[in-house]
Amino acid sequence: MVSGPLDFELSFTEVYKKYKNEHQAIREIMCLKEQFKYYFDNIQKGDLFAGRVRYPLVGFGLETTTGGSLFYCKKNAILKKLDISNVTNEYKNKVLDMITFWEEEAFIDHEVSLGDKPKYGKMIKRLPKEILDATSNYIADMGGRLAGTNINFGKLLKKGIPGLYEEVLYYKEQKENKNEDSSLYKAMLMSLDIIKEVMLRYAEQALEMSENEKDENIKNELINISKILNKLANSKPETLREALQLVWIYAMAAQTVNFGRMDVYLGDFYVNDLNRKIITQEQALKYLQEFWKMIVARRIAAHEPGDFNGRIIIGGKGRSNEENADKFALLAMEASRTVIETEPQLSLRFYEGMNPDLMKKALDVIGEGRIYPMLYNDDVNIPAVSKAFGIDEKDAEQYLPYGCGEYNIDYKAIGSPNCSLNLLKALEVALHNGKDPLTGNIIGLQTGDINQFDTFEKLYDSYKKQVEFYIEMLAKRHKIEYEVEAKNAAFVLVSLLYDNCLEKGKSVVEGGAKYTGGIIESFGLVNTGDSLAAIKKLVYEEKKITLEQLVEALDNNFEGFDDIRKMCLETPKYGNDDDYVDFIVKDVSNHMCEHAKKQAKKINFDYFLVVNINNYYNVRLGNLTSASADGRKKGEPLANGNNPTAGRDKNGITAFLNSLTKINSDNHAGYVQNMKFSKTLFNEQRPKVEALLKTYFKKGGTQAMITVVNKGDLENAMKEPEKYQNLIVRVGGFSARFVELPKDVQIDVLNRTLY
């Protein structure tokens with residue numbers, strides 16, 4: 001038999017072909033059974049947990065961060081691998097035939113640039129031309145994935161694999177007694193059997209490794225791994241280490257990359273182990289440190305472009321046995337203090353009356369230069385989530401930030417953030433009657449020439465029409481995406497641990513989850529508000545320039561128009577506690593959020609919301625956006641999240657925080673607030689910082705993502721990166737080692753005001 005570097009991809013394809021016409025849940029599980037032979041990688045010397053993973057070039061995943069969205073084929077990477085391999089023509093032709101096959105069967109073509117139309121995939125075939133065109137440009141763009149899954153780890157640990165098997169079997173028999181299709185339940189049972197196979201395979205491998213290991217400590221750990229995995233295959237976990245191992249194996253099998261409210265489902269294991277003297281606090285910390293490192297290893301294996309995942313939530317309302325959960329939360333923060341990495345994204349939810357030791361520990365860790373934990377204010381967020389999502393406060397208590405900062409409801413809601421909206425580009429095309437001045441192409445609505453905008457209200461209305469149109473198109477595409485996903489996959493292991501899916505006999509995307517929603521990632525909010533404020537003041541109120549003169553200056557990137565740029569830069573800017581501009585930014589936000597909310601009923605979703613959680617897209621989209629009336633030049637980054645444009649907040653930290661609190665918190669699914677403090681202020685004047693943060697949160701601040709650095713660290717890191725390998729910063733919706741960021745992103749972070 002001819003063999004080569006893409007043998008797994010070829011064998012996976014053959015399995016898919018064999019089960020192509022089976023029920024989507026059965027096809028998915030048979031493909032995963034084949035995939036797991038490759039996907040679950042060997043135990044490495046020194047590991048305390050089994051379950052390292054690697055991602056194939058053809059396979060099944062939830063999103064690009066887990067290989068790809070549904071069934072995927074990384075065509076370009078395959079061709080590159082084929083190019084550098086010494087294989088026969090016969091083998092090469094097999095691979096090329098495989099690529100051709102997947103161009104028909106894959107869910108979506110992900111190997112396209114931002115704003116370009118995907119070329120192939122089942123979802124693309126389903127989209128009407130109007131929707132495809134409207135969601136593949138520099139204003140609105142959309143991929144395809146199932147992101148933000150948060151499964152019920154508590155149930156997993158309470159029941160174990162055998163207990164889950166019994167529960168699924170019960171529902172399967174109920175279904176069959178009614179002569180109804182039980183394929184989903186059959187697939188769930190098969191999936192649990194496959195997880196058992198994975199654990200037993202690892203148990204055998206660990207034992208074999210121990211027999212050849214001379215280091216007694218490593219030998220004993222390998223024996224422990226083997227014993228734990230053999231036990232978990234047949235019973236539920238009883239210790240912290242067993243619980244962590246089961247959480248990891250199941251999460252990797254389900255390909256979910258967030259770990260929910262870990263203090264809730266592990267707090268009792270931790271405290272019980274301490275009380276029974278099974279472990280010491282030091283041993284427990286070591287387990288968490290190693291778990292944290294496994295999260296990092298998964299990200300590296302996935303070749304992710306940024307550190308967006310690995311969310312672990314601690315603290316907050318709605319926790320059972322809060323005392324034990326608090327003890328675990330303190331341990332988790334110590335793990336993040338001692339493991340200097342960009343993941344996991346540890347997030348502390350807090351509220352008035354919570355154990356003060358948690359916030360003290362959080363600020364101590366942040367003060368050392370760690371960017372975790374991120375802080376989320378339950379007193380504001382729970383009622384805000386309740387109103388935005390349209391759910392009761394009991395369910396809202398289970399809100400979880402994930403990914404770049406979007407909110408979800410723990411194991412109850414599916415609301416994948418699958419699209420982006422560039423508000424500043426929408427304003428740009430409104431000023432050019434639908435035309436993109438960078439390309440000359442019509443990409444927006446043709447709402448009139450600028451000489452028709454004799455009032456600010458007419459211009460603003462033109463901008464709003466652009467935004468509304470694209471929100472509506474993104475909502476329609478979101479609905480189609482879920483429909484195509486439901487026909488092509490069942491996300492079996494995720495559905496198994498989502499509320500209501502077992503009872504309904506439906507997967508998470510076909511109505512099984514308690515709440516179905518969608519999310520738009522928005523960018524350029526602050527630039528748009530600042531620009532509209534500048535236009536309103538300079539053109540319509542003070543009449544210093546005409547709209548035609550301003551647009552001419554923008555089209556020329558302010559070259560030869562220094563006087564106009566100076567005027568633009570001198571207009572009020574968000575972040576300085578100036579109601580004139582802050583209320584315009586607020587209105588831009590409310591318009592976008594409220595119009596998105598209206599789409600939910602139209603597409604039969606429970607919610608359809610916006611987030612403003614800029615990641616590196618604020619730089620990428622800035623590169624695709626012309627000069628703007630806030631004084632920003634062509635190609636410069638957009639403001640990051642719900643933050644002022646870098647360096648434009650000049651009235652001090654109190655004014656900065658006051659501006660942040662003016663934006664409504666109850667009509668969206670998460671807005672990012674980044675703050676950069678000097679170590680001198682944060683650590684030497686801690687009471688002042690605590691008072692500032694307390695007032696900010698009391699006035700309605702939803703959350704804070706804090707970076708603490710020495711003055712000059714960032715500049716020095718750009719000059720001598722080898723000396724600053726552990727300098728980690730909060731970029732936007734993700735964190736990164738500063739020296740590993742592209743230069744334009746480094747400059748964006750550097751230019752942000754340091755308090």
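All values derive from a computational prediction rather than experimental measurement.

The rules behind each value
Residues numbered from 1 in each chain as written. Predicted model: local features only at pLDDT ≥ 70, side-chain atom pairs only at ≥ 80, totals over all residues. Heavy atoms only, no water. Bend = angle between axes of the 7 residues up to and from the residue. Helix = DSSP H or I, 4+ residues; strand = E, 2+ residues; numbered from the N terminus. Buried < 20%, exposed > 50% of the residue type's maximum accessible area, 1.4 Å probe, protein only. Phe/Tyr/Trp six-rings, centres within 6.5 Å; stacked < 30°, edge-to-face > 60°. Lys NZ or Arg CZ within 6 Å of the ring centre and 35° of its normal. 1 Å grid on protein atoms, 1.4 Å probe; cavity = no way out; pocket = protein on both sides within 12 Å on 5 of 7 lines; lining within 4 Å. Points joined across faces, edges and corners; volume = space filled by probe spheres on them. Nonpolar A, V, L, I, M, F, W, Y, C, P; charged D, E, K, R; others polar. Core = buried A, V, L, I, M, F, W, Y, C linked by side-chain atoms within 4.5 Å. Contact = heavy atoms within 4.5 Å.

Along its length, helix α2 (residues 24–39) reaches its greatest deviation from straightness, about 25 degrees, at Lys33. Burial of α2 is extensive: 13 of the 16 residues sit out of reach of the surface.

One pass over the structure, following the stated rule, counts 39 aromatic pairs. Judged by centre distance (5.2 Å) and plane angle (75 degrees), the rings of Tyr170 and Tyr171 are edge-to-face. For Tyr170, a relative accessible area of 45% gives the class partly exposed. Accessibility expressed as a relative area gives 18% for Tyr171, which makes it buried. A ring pair is formed by Phe456 and Tyr540, whose centres lie 6.0 Å apart and whose planes are at 70 degrees; its orientation type is edge-to-face. One end of the pair, Phe456, is in helix α18 (residues 456–488); the other, Tyr540, is in helix α22 (residues 525–541), with 84 residues separating them in the sequence. The exposure class assigned to Tyr540 is buried, which follows from its relative accessible area of 15%. Following the ring pairs from residue to residue traces out a cluster consisting of Phe8, Phe12, Tyr16, Tyr38, Phe60, Phe71, Phe101, Trp102 and Phe491. One Lys or Arg, Arg54, reaches over the ring of Tyr38 and ends 4.0 Å from the middle of that ring.

Bringing the layout of surface pockets into the picture now. Space inside the second largest pocket adds up to approximately 540 Å³. Taken together, 18 residues make up the lining of the second largest pocket; nearest its centre are Phe350, Tyr351, Glu352, Met359 and Lys694. Of all elements in the fold, only α14 (356–367), β6 (374–377) and α29 (686–698) reach the threshold of two or more residues within the lining of the second largest pocket. The dominant element in the lining of the second largest pocket, judged by the number of residues it contributes, is α29, at 5 residues. In terms of residue class, the lining of the second largest pocket is made up of 9 nonpolar, 3 polar and 6 charged.

This paragraph deals with the environment of His110. When you line up the elements, His110 lands in the loop between α4 (89–105) and α5 (122–126). Look at His110 and you get partly exposed, because its relative accessible area is 29%. A C-alpha to C-alpha distance of 9.0 Å links His110 and Tyr120, two positions 10 residues apart in sequence.

Moving on, we get to the nonpolar core. By size, the foremost hydrophobic cluster in this structure holds 273 residues, and its most contacted members are Tyr250, Phe259 and Leu421. Beyond its immediate sequence surroundings of up to four residues, Tyr250 is in contact with Ile151, Leu156, Ile161, Leu192, Ile195, Leu493, Leu496 and Leu497.

In this structure the tally under the stated criterion is 4 cavities of 30 Å³ or more. By volume, the largest cavity is sized at about 90 Å³. Lining the largest cavity are 14 residues, and of these Glu428, Leu431, Leu554, Ala627 and Ser628 sit closest to its centre. Elements supplying a minimum of two residues to the lining of the largest cavity: α17 (423–430), α22 and α23 (547–555). It is α17 that contributes the most residues to the lining of the largest cavity, 3 residues altogether. Each pocket or cavity is described by its volume, and for the second largest cavity that value is around 80 Å³. Forming the walls of the second largest cavity are 13 residues, and the residues nearest its centre are Asn642, Leu660, Ile663, Gln673 and Thr702. A breakdown of the residues in the lining of the second largest cavity according to their chemical character gives 4 nonpolar, 9 polar and no charged.

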